[in-house]
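One letter stands for each residue in the lines below.
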Amino acid sequence: MGFIQALGIASLALATGVTAAASSTGFTVSVDGIDYFLPPKAAGIISGEDVKALFEDGPFVPITVVAGNGTFDISSYSLDDVWQTGFLEALYVQSGSLPDNSSYTVLSGSASSVLKPGPYFINAAGQLYEAWRLFSDVQGAFTESVTSNGDGSYSVLPAGTVGQKLAIAVPSRLYYTKTADKPLAGVRVGIKDIYDIKGLRTSNGNRAWYWLYPPAENTAPPVQNLIDAGAVIVGKQITSQFANGETATADWVDYHEAFNPRGDGYQDTSSSSSGGGAGTASYGWLDVSLGSDTGGSVRGPSQVQGLFGNRPSHGLVSLEHTMPLSPVLDTPGLLARDPVVWTEAAKAMYGPNITISSTYPTKIQTLSWPTSANNPANALLVDFLGNVTEYLKANVTAYNVTAAFAADNPTLAPLTRIMNLTYALLITKQQTELVRKPFYADYAAKYDGRRPFVNPVPLARWGWGDNQTSTVEEGIANKTIFMDWANSTFLAPSASACSDSLVLYVGSTARANPRNVYLDEPGVPFGFSSSRISVMAEVPDFVVPLGEAAYNSTITGHVEFLPVTANLMAAKGCDGMLFSLIEELHAAGIVKTALPGRSGVTGGEILLRRGEMMY
């Protein structure tokens, strides 16, 4: 018998001449040391005299609803991360019956509606409430935990649990059955806090912004598409301020950067989708995170935390009701441990704008790829290239982007000079106009001309942009020069395989970047590298985890392990081909599902964290 404690808020009226319009916001219940949240609305009612017999003390009793049909397979329920044996106080058989020799207490009576199998709490009146398990966000990946109001809007979760961080409530997976209309039924998703969700405030990583503006009246299309496909939104996730790239210790002021679980637990998460990377890499109860990638904000966190992550072709889904960094560069991307779930979420979010195809290029072009296995990271990269080459029966050639551009465009300046300021110009000029200008004006109007606090990085970038005479139009022109050339050469489309070639470059190589190191003053993101190619050419760029390599931790004084990843690019619009290829490589064992915890390869308890909180 499970030990249960409960605390809740009930409707009431004061007999003082004043009526208090109080309503339930749900209940917090503990069963055998595990905390649960009960939504305020009952899922149904079970009528019957034997319900009252369950109650010796306490307002709720944990029970399990089963499908019946003469059996109860406890092993299938035990796989669920919400259900536990404490819910065997009683069973309610939805249809059919259990054998007469069953040792379980089976409730008789009838239910007011069809109930989904899984764990519930029942009160003396027979009201049945779903069980949402509370997990502590010990890694600081979330800014706010949320719960659906059932009308398309969301509220802040009114519950907490041990862990010195937010409590995140997740429903039992037993409640959900995936269908063609709801392919993401029960999939738990975290949302970067630059996307509006109806009923919730958006922070954009800035405290002043969070309190200045009211809760959103609309939900951003990428989020809504996930919801419409059945996804369960469990919370808003932390972002570096206004989606600019920030590093822990040096740059984060208004909010604290999330904690990367890999290795010694004190490596930088990369940004700006810091919470999405940390949460997905840390928690087995979180399936997918929605981030955004302007200059690398999905790819960076995916690389340093060993996840599948994608920057999509530009323009696959509207970014209305989403904070802009640079509309000509902004994209919504997903982070996940399992490429199958990742692909399903992408299909739901991008909708008809991606087409899954299974005919692949037979030409691979590599950018600065290692040619010898002279260290563990390079060994993984060389092995991956060999396996992919064999799988596709492809030919491999090394490609030098800057040299090829110079050869094809002898009358133009070198590519590194053309592109040196382009990214910085676009993000500073566009965000200044679209974000800073109205934000400063609104804040000044409310606070007698005052200016809100802004972190050092966006402040430095905006200030640099103020002093530039070049225009956004000039930046777009430079971008277009490169895009037109790239999309007609090494990233050209193909009628048969979508993309004429597959382009590979190195993602991460287990390089340590500890968060307790003080850095120089913030600068502006100048220059051009392989990671900027997809940004300027508007092509898909996907991160694939390959394994991990050792490093000597300055934190633990011990050998630890960090991820090694590769990036795959293809022609614009070939996102579906890349998703399909990566799924096939996964099925063939060439890439593997990433695990939550200290290691993406072997899992394991995060250093300084309790394992039961992680899973």
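Each remark here, short or long, concerns the structure printed above.
Our subject in this report is the structure included herewith. (Residues numbered from 1 in each chain as written. Predicted model: local features only at pLDDT ≥ 70, side-chain atom pairs only at ≥ 80, totals over all residues. Heavy atoms only, no water.)

For the protein, the helix and strand inventory stands at 16 helices and 25 strands. Against the 2.2 N^0.38 benchmark of 25 Å for 615 residues, the protein shows a C-alpha radius of gyration of 26 Å, consistent with a compact globule. In terms of overall dimensions, the protein has a C-alpha envelope of 90 × 65 × 50 Å along the principal axes. Across the 615 residues that make up the protein, the buried fraction comes to 55%. For the protein, the proportion of contacts with a sequence separation of at least 24, taken over those separated by at least 6, is 75%. In the structure as shown, the protein presents an accessible area of about 24600 Å², 53% of it carried by carbon and sulfur atoms. Seen as two clouds, the 38 positive and the 54 negative side-chain charges of the protein have centres 5 Å apart. (Helix = DSSP H or I, 4+ residues; strand = E, 2+ residues; numbered from the N terminus. Rg over C-alpha atoms; globule rule 2.2 N^0.38 Å. Buried < 20%, exposed > 50% of the residue type's maximum accessible area, 1.4 Å probe, protein only. Contact = heavy atoms within 4.5 Å. Areas by Shrake-Rupley, 256 points an atom, 1.4 Å probe, with all protein chains shown as cover. Lys, Arg positive; Asp, Glu negative; His and termini not counted. Charge placed at Lys NZ, Arg CZ, Asp CG, Glu CD.)

A few words on the pattern of salt bridges. All told, the structure shown has 15 salt bridges when counted by the stated rule. As a salt-bridge pair, Arg-188 and Asp-81 come within 2.7 Å of each other at their nearest N and O atoms. Taken together, the residues Arg-188 in strand 14 (residues 188–192) and Asp-81 in the loop between helix 2 (74–78) and strand 6 (91–95) connect sequence positions 107 residues apart. Neither Arg-188 nor Asp-81 differs from the other in exposure class; each is buried. A salt bridge links Lys-572 to Glu-538; its shortest N-O distance comes to 2.5 Å. One end of the pair, Lys-572, is in the loop between strand 25 (559–569) and helix 15 (575–587); the other, Glu-538, is in the loop between helix 14 (530–537) and strand 24 (541–552), with 34 residues separating them in the sequence. Three or more residues are tied together by salt bridges with common partners; here these are Asp-293, Arg-299, Arg-311 and Asp-541. (Salt bridge = Lys/Arg side-chain N within 4 Å of Asp/Glu carboxyl O.)

Examined against the element boundaries, Pro-410 turns out to sit in the loop between helix 9 (401–408) and helix 10 (415–419). Here Pro-410 falls in the exposed class, since its relative accessible area comes to 67%. Sequence-wise, Pro-410 and Val-298 are 112 residues apart; in three dimensions their C-alpha atoms are separated by 35 Å.

Before going further, it helps to examine the sheet that holds strand 14. The strands that make up a sheet pair up through hydrogen bonds in the backbone, lying either parallel or antiparallel. Taken in spatial order, the 12 strands make up an open sheet running 12-11-15-14-16-18-17-24-25-23-19-20, and their pairing is mixed. Looking at which strands have only one partner, the edges of the open sheet turn out to be strand 12 (154–156) and strand 20 (395–398). Geometrically, the sheet is characterised by an average inter-axis angle of 30° between neighbouring strands, direction not taken into account. Relative to strand 18 (residues 331–336), strand 17 (residues 308–311) is paired through two bridges, and the arrangement is antiparallel. Bridge assignment links Gly-309 to a residue of strand 18, and that residue is Leu-335. (Pairing = 2+ DSSP bridges. Axes fitted to C-alpha atoms, helices over the stretch in contact; angles between N-to-C directions.)

Turning to the side chain of Asp-81, a few remarks are in order. Residue class for Asp-81 comes out buried when judged on its relative accessible area of 16%. A distance of 2.7 Å separates polar atoms of two side chains, one belonging to Asp-81 and the other to Arg-188. (Polar contact = N/O pair within 3.5 Å; in protein donor to acceptor, adjacent residues only side chain to side chain.)

Another aspect to go through is the packing of helix 7 (residues 339–350) against helix 15. Following both chains from N to C, one finds helix 7 and helix 15 inclined at 160°, their axes separated by 9 Å at the closest point. As the angle between them shows, helix 7 and helix 15 are arranged roughly antiparallel. Two packed elements cross with a definite hand, and for helix 7 against helix 15 that hand is left-handed. Only Phe-579, Ile-582, Glu-583 and His-586 of helix 15 make contact with helix 7, whose side of the interface consists of Pro-339, Val-340, Trp-342, Thr-343 and Ala-346. When the residues that make up the contact of helix 7 with helix 15 are grouped by side-chain class, the tally is six nonpolar, two polar and one charged. (Parallel < 35°, antiparallel > 145°, perpendicular 65-115°, else oblique. Left-handed = near helix turned anticlockwise from the far one by under 90°. Nonpolar A, V, L, I, M, F, W, Y, C, P; charged D, E, K, R; others polar.)

Attention now moves to the state of the cysteines. Taken as a whole and judged by the stated rule, the model has one disulfide. Sulfur-sulfur distance for the disulfide between Cys-498 and Cys-574 comes to 2.1 Å. Taking the torsion about the sulfur-sulfur bond, which here is approximately -105°, the covalent link between Cys-498 and Cys-574 counts as left-handed. Here Cys-498 is found in strand 22 (residues 498–499), whereas its partner Cys-574 is found in the loop between strand 25 and helix 15, with 76 residues between them in sequence. With a relative accessible area of 23%, Cys-498 lands in the partly exposed category. (Disulfide = S-S within 2.5 Å.)

Quick look at the nonpolar core now. If you look at the biggest cluster of nonpolar residues, it comprises 76 residues, and the most contacted ones within it are Ile-191, Val-223, Leu-226, Ile-233, Phe-384, Leu-502 and Leu-568. Residue contributions to this core peak at seven residues, all from helix 7. Among all residues touching Leu-502, those that are not within four sequence positions of it are Pro-361, Lys-363, Ile-364, Gln-365, Val-388, Leu-392, Leu-568, Met-569, Leu-578 and Leu-581. One finds Phe-87, Phe-135, Val-234 and Tyr-283 within the second-largest nonpolar core, a separate group that totals 54 residues. (Core = buried A, V, L, I, M, F, W, Y, C linked by side-chain atoms within 4.5 Å.)

Turning our attention to unusual backbone geometry. Of note, the amide linkage connecting Ser-271 to Ser-272 takes the cis form, showing an omega dihedral of 20°. Note on placement: Ser-272 falls in the loop between strand 15 (232–237) and helix 5 (274–282). A positive phi angle is found at Asn-204, which is not glycine, with a value near 55°. Along the chain, Asn-204 falls in the loop between strand 14 and helix 3 (207–212). At Cys-498, a position not held by glycine, the phi torsion is positive, near 70°.

We now examine the packing of aromatic side chains. The final tally for this structure, using the stated rule, is 33 aromatic pairs. Geometrically, the ring pair formed by Phe-542 and Phe-579 is tilted, given 4.6 Å between the ring centres and 55° between the ring planes. Taken together, the residues Phe-542 in strand 24 and Phe-579 in helix 15 connect sequence positions 37 residues apart. The class of Phe-542 is buried, set by a relative accessible area of 0%. A relative accessible area of 1% places Phe-579 in the buried class. Among the aromatic side chains, those forming a connected cluster through ring pairs are Trp-209, Tyr-213, Phe-242, Phe-439, Tyr-440, Tyr-443, Tyr-447 and Trp-462. One cation-aromatic arrangement involves Lys-116 over Tyr-176; the distance from NZ or CZ to the ring centre is 5.6 Å. (Phe/Tyr/Trp six-rings, centres within 6.5 Å; stacked < 30°, edge-to-face > 60°. Lys NZ or Arg CZ within 6 Å of the ring centre and 35° of its normal.)

These results come straight from atomic positions and should not be treated as a statement about function.
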